[in-house]
Amino acid sequence: MRDLLETRILGEPPVMTIELRGQLTVLAEESLLGAYRDVTSRGAQTVVLEFSGVDFMPTGGIALVIRIIQQTRATKQRLFCVGLILHYRKIFAMMGMDQYAPLFDTVAEALASLPSPA
Amino acid sequence: VVSRLAFHASGATTIDLGIPSEFGWEAAVADLVRSIARRMGFAPDRIDDMRTALGEAVTNAIEHGNGQDRSKRVQVAFIPEETSLRILVMDESPIPFPPDLGERKPPSIHDLVAGQSPGRGWGTYLIRALVDEISFLSTGRGNVVQMVVRLRPDVESGAGQLRDWPNE
């Protein structure tokens, strides 16, 4: 079966957004983690995962997000998750994902939470 | 197995399908249940619950039941009833479900992030949280997960109302 996740990278370092569209399943490992590696290699200090185009995300897909949480913690990057539909927002909150990757409705709201430059 | 278990649905139309034990098909099955549930008049949030629960059940059947062996099939039966949709997911595993499958607590997010947990357990927990009824049956020739989702959720059971899980 073919991976049905499309990714698009937006923004410039230090804040970069990975826009996700389609189905985030276990098949999306290379798409998602490859996009994360790309933004990291380009110098992203803050990574925003934008989920508003994600139509289906079982726990196999959520496990890939947890792998990004692990990697952002190791590299001291910030990670935000935005645009989740209410159903997945509830699941993320129930699992405790929001303790590691704050949830926002929009990219603008996520970026507004960043501390102002000194 | 389907015909023996579908006794609940006397007079109802049953939709059966068999899929290869290959990741990706769980998403196709989730798309199908959305179409069936829409025609039955389910609310969008209940359809989301159903898609997630069914996706997890099919994933478990593909991965744990049939070991991703493409020669083995996962059978799915949809049985529309007057006030509910009954869904059966069957694998070909001769090994019965663990007896505590329906009671297991999911791993904490802290253990998952720390890499101290293999990450098993959330799928079954989500199924239990999202459907109105769930039962597990081992036949010796395969394991069956039976789920029932009502048009109007069972408020007392809390189904469809994802509960917070203590992750401290």
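The present account deals with the structure reproduced in this document. The model shown is predicted, which means the values in this text are computed figures rather than measured ones.

With that settled, the discussion passes to the overall build of chain A. A tally of helices and strands in chain A yields four helices and five strands. Counting from the amino terminus, chain A carries its helices and strands in the arrangement β-β-α-β-α-β-α-β-α. For 118 residues, the compact-globule formula gives about 13 Å, and the C-alpha radius of gyration of chain A, at 13 Å, lands near that figure. With the principal axes as the frame, chain A shows a C-alpha extent of 50 × 30 × 25 Å. Taking all 118 residues of chain A together, the buried fraction comes to 49%. Across chain A, every contact between residues at least 6 apart in sequence was considered, and the portion connecting residues at least 24 apart equals 67%. As displayed, chain A has an accessible area near 5300 Å², and 52% of this comes from carbon and sulfur atoms.

On to the overall build of chain B, then. Tallying secondary structure elements over chain B gives five helices and five strands in all. When the elements of chain B are put in sequence order from the N terminus, they spell out α-β-α-α-β-β-α-α-β-β. Within chain B, the fraction of its 168 residues that count as buried is 50%. Partitioning the contacts of chain B with sequence separation of at least 6, the portion at a separation of at least 24 is 69%. Roughly 8000 Å² of accessible area belongs to chain B as shown, and the carbon and sulfur atoms make up 49% of that amount.

In this section: helix α3 (residues 86-95) of chain A. All names here are of chain A. Of the positions making up α3, those classed as buried are H87, Y88, I91, F92, M94 and M95. Seen end-on, α3 carries its buried residues on one side only, within an arc spanning 165°. In the stretch just after α3, G96 is the one whose phi turns positive, near 90°.

All names here are of chain B. With seven of its seven residues buried, strand β3 (residues 84-90) lies for the most part within the structure. The alternating pattern of β3 places S84, R86, L88 and M90 on one face and L85, I87 and V89 on the opposite face, and all of these are buried. Bridge count for strand β2 (residues 73-80) against β3 is six bridges, and the pairing is antiparallel. Along β3, the bridge assignment pairs P80 with L85. Hairpin connection, β2 to β3: the antiparallel pair is bridged by three residues. Strand direction decides the pairing type here: β3 and strand β5 (residues 143-150), joined by seven bridges, are antiparallel. Residue pairing in the sheet places V89 in a bridge with V145 of β5.

Cut-offs used in this document
- Residues numbered from 1 in each chain as written.
- Chains lettered and ligands numbered in written order.
- Predicted model: local features only at pLDDT ≥ 70, side-chain atom pairs only at ≥ 80, totals over all residues.
- Heavy atoms only, no water.
- Helix = DSSP H or I, 4+ residues; strand = E, 2+ residues; numbered from the N terminus.
- Rg over C-alpha atoms; globule rule 2.2 N^0.38 Å.
- Buried < 20%, exposed > 50% of the residue type's maximum accessible area, 1.4 Å probe, protein only.
- Contact = heavy atoms within 4.5 Å.
- Areas by Shrake-Rupley, 256 points an atom, 1.4 Å probe, with all protein chains shown as cover.
- Arc of directions from axis to C-beta.
- Pairing = 2+ DSSP bridges.

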